[in-house]
Amino acid sequence: MKIGIPKEIKNNENRVSLTPGGAYALIQHGHEVFIQTQAGANSGFGDEIYQRVGAKILPTAEEVFATADMIMKVKEPIANEYKLIRPNQLIFTYFHFAADETLTRAMIESEAVCLAYETVEKSDCSLPLLIPMSEVAGRMSIQQGAKYLEKPQGGKGILLGGVPGVKPAQVLVLGGGVVGTQAALMAAGLGAHVTVMDISLPRLRYLSEIMPANVDTMMSSRYNIEQFLSTVDLAIGAILIPGAKAPHLITKEMLSIIPKGSVLVDVAIDQGGCFETSRPTTHAQPVYEVDGIIHYCVANIPGAVPMTSTAALTNATLPYALLLADLGWENACLQHADLKEGLNIVRGKVVNRAVAETFNL
């Protein structure tokens, strides 16, 4: 199979979808790998490294898309890439269709095969291709939240961990999955007082057992969220309903409860966001203010740390890429139920229920 790796062109998206080691593994299996020039440069991988392992360098995205049977990307295609996608071409990337009707309809019209990293799901309901980026995003949500709590950044001017004699910040984490767990651990490690809310009692029990003493757990409900917001300094939105749009857990009305200068970090923005006042931002302009509350809603948080993120992503995606290349997408999905769950749009038809229901398709 011919595998194409175009350069990511979303704002400040510095990752690349395949490391040279991943390219080498595919080539060793008898496949051809085509890399757009400089695709890996921002992740620390120059063209010469890819060439050394046997990959071919192409000068433009147009040539990569025209050559490849399977395109591997990090982020969803954006408008000027739509026209490059061919019928029956396999596109293997993060799509997050439920948050973007324009993208969904464009991929339907392309008649490509869209296999989304974020809905590949194992029998234990884990999401193996979402986990590594969720780990990065969860940890970075605290790093960014701490920065924007600083007064020069517009925040209230509070140190997450406090100091002896001064109480630490109050951090609310909405969602106890991978993102929420990593965010809570990072915030707790910095000395903050952390509360994790989730709707799963078994998950809360588990978190209660593994978390340090400065982390509390609480059942998530509108009442409990409202009660907590009057004292919150930093809130992390870490809600995920696989393939579907995230629910709004903090409404615009609730902002009046939150102290001015507090920070909301919406990691769920890829799925539409779990704060009503959220809208996607970029690394170039990461924050905006609503009613005195700072919102950080960058849709590709891990893109800021590409050397870490690219390696972590390839570790997760490569085994599946090898299956798709070795067997072809149809046989691979028939033989591996977790890959089958990744299919969202196939030759003009929506085959993921959550995406279909979101847009009444």
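For the structure itself, consult the block above.
Residues numbered from 1 in each chain as written. Predicted model: local features only at pLDDT ≥ 70, side-chain atom pairs only at ≥ 80, totals over all residues. Heavy atoms only, no water.

**Some thoughts on the overall build of the protein chain**
Then, number 1: When helices and strands are tallied, the protein chain shows 13 helices and 15 strands.
Then, number 2: A globule of 361 residues ought to have a C-alpha radius of gyration of about 21 Å, and the protein chain, at 21 Å, matches this closely.
Then, number 3: Projected onto its principal axes, the C-alpha coordinates of the protein chain cover approximately 65 × 45 × 35 Å.
Then, number 4: Considering only contacts within the protein chain whose residues lie at least 6 apart along the sequence, 64% involve residues at least 24 apart.
Then, number 5: Placing the 28 positive and 35 negative side-chain charges of the protein chain at their respective mean positions leaves the two points 2 Å apart. (Helix = DSSP H or I, 4+ residues; strand = E, 2+ residues; numbered from the N terminus. Rg over C-alpha atoms; globule rule 2.2 N^0.38 Å. Contact = heavy atoms within 4.5 Å. Lys, Arg positive; Asp, Glu negative; His and termini not counted. Charge placed at Lys NZ, Arg CZ, Asp CG, Glu CD.)

**Digging into helix α7 (residues 178-189)**
Each α-helix winds once per 3.6 residues, and so residues spaced three or four apart point in a common direction.
Then, number 1: In a regular helix each residue adds 1.5 Å, so twelve residues correspond to 16 Å; α7 covers 16 Å between its end C-alpha atoms and thus fits that length.
Then, number 2: Of the positions making up α7, those classed as buried are Val179, Gly180, Thr181, Gln182, Ala183, Ala184, Ala187 and Ala188.
Then, number 3: In this fold, the buried residues of α7 make contact with α6 (131-148), β7 (170-174), β8 (193-198), α8 (201-210), β9 (215-219) and β10 (234-237).
Then, number 4: Positive phi shows up at glycine 191, right after α7, with a value of about 100 degrees. (Expected span 1.5 Å × (residues − 1). Buried < 20%, exposed > 50% of the residue type's maximum accessible area, 1.4 Å probe, protein only.)

**Brief notes about the sheet that holds strand β1 (residues 2-5)**
Then, number 1: Read across the open sheet, the eight strands follow the order β3-β2-β1-β4-β5-β6-β14-β15; overall the sheet is mixed. Of all the strands in the sheet, the pair left with one neighbour each is β3 (56-58) and β15 (349-350).
Then, number 2: Bridge count for strand β14 (residues 343-346) against β15 is two bridges, and the pairing is antiparallel. If you follow isoleucine 345 over to β15, its bridge partner there is valine 350. (Pairing = 2+ DSSP bridges.)

**Some thoughts on a nonpolar patch on the surface**
Then, number 1: There is a patch of nonpolar side chains on the surface, built from Leu159, Val163 and Val166 and spanning about 280 Å² of accessible area.
Then, number 2: Looking at where leucine 159 falls in the secondary structure, it is placed in the loop between α6 and β7.
Then, number 3: With a relative accessible area of 56%, leucine 159 lands in the exposed category. (Patch = residues over 30% accessible without salt bridge, like charges linked within 9 Å, V, L, I, M, F, W, Y side chains within 5 Å. Areas by Shrake-Rupley, 256 points an atom, 1.4 Å probe, with all protein chains shown as cover. Salt bridge = Lys/Arg side-chain N within 4 Å of Asp/Glu carboxyl O.)

**As for the packing of aromatic side chains**
Then, number 1: Under the definition given, this model contains five aromatic pairs.
Then, number 2: The interplanar angle of 75 degrees and the centroid separation of 6.4 Å between the aromatic rings of phenylalanine 45 and tyrosine 50 together place this pair among those described as edge-to-face.
Then, number 3: Taking relative accessible area as the criterion, phenylalanine 45 reaches 18% and is therefore assigned buried.
Then, number 4: Residue classification places tyrosine 50 among the buried positions, given a relative accessible area of 0%.
Then, number 5: An angle of 40 degrees between the planes, with centres 5.9 Å apart, marks the rings of tyrosine 148 and tyrosine 296 as tilted. Of this pair, tyrosine 148 sits in helix α6 while tyrosine 296 sits in strand β13 (residues 293-296), and the two are 148 residues apart along the sequence. (Phe/Tyr/Trp six-rings, centres within 6.5 Å; stacked < 30°, edge-to-face > 60°.)

**Topic: empty space enclosed by the protein**
Then, number 1: Applying the stated rule across the entire model yields one cavity of 30 Å³ or more.
Then, number 2: Taken as a whole, the largest cavity encloses approximately 30 Å³ of empty space. (1 Å grid on protein atoms, 1.4 Å probe; cavity = no way out; pocket = protein on both sides within 12 Å on 5 of 7 lines; lining within 4 Å. Points joined across faces, edges and corners; volume = space filled by probe spheres on them.)

**Quick word on the sheet that holds β9**
Two orientations exist for strands paired in a sheet by backbone hydrogen bonds: parallel and antiparallel.
Then, number 1: The strand order β9-β8-β7-β10-β11-β13-β12 describes an open sheet built from seven strands, whose pairing is mixed. Strands at the two margins of the open sheet, each flanked by one partner only, are β9 and β12 (287-290). For this sheet the average axis-to-axis angle between neighbouring strands, irrespective of direction, equals 20 degrees.
Then, number 2: In the sheet, β7 pairs with β8 via five bridges, with the strands oriented parallel. The residue of β8 that forms the bridge with valine 173 is valine 196.
Then, number 3: Its contacts with the sheet put helix α9 (residues 222-229) on β7, β8 and β9, and the angle it makes with β7 is roughly 160 degrees. (Axes fitted to C-alpha atoms, helices over the stretch in contact; angles between N-to-C directions.)

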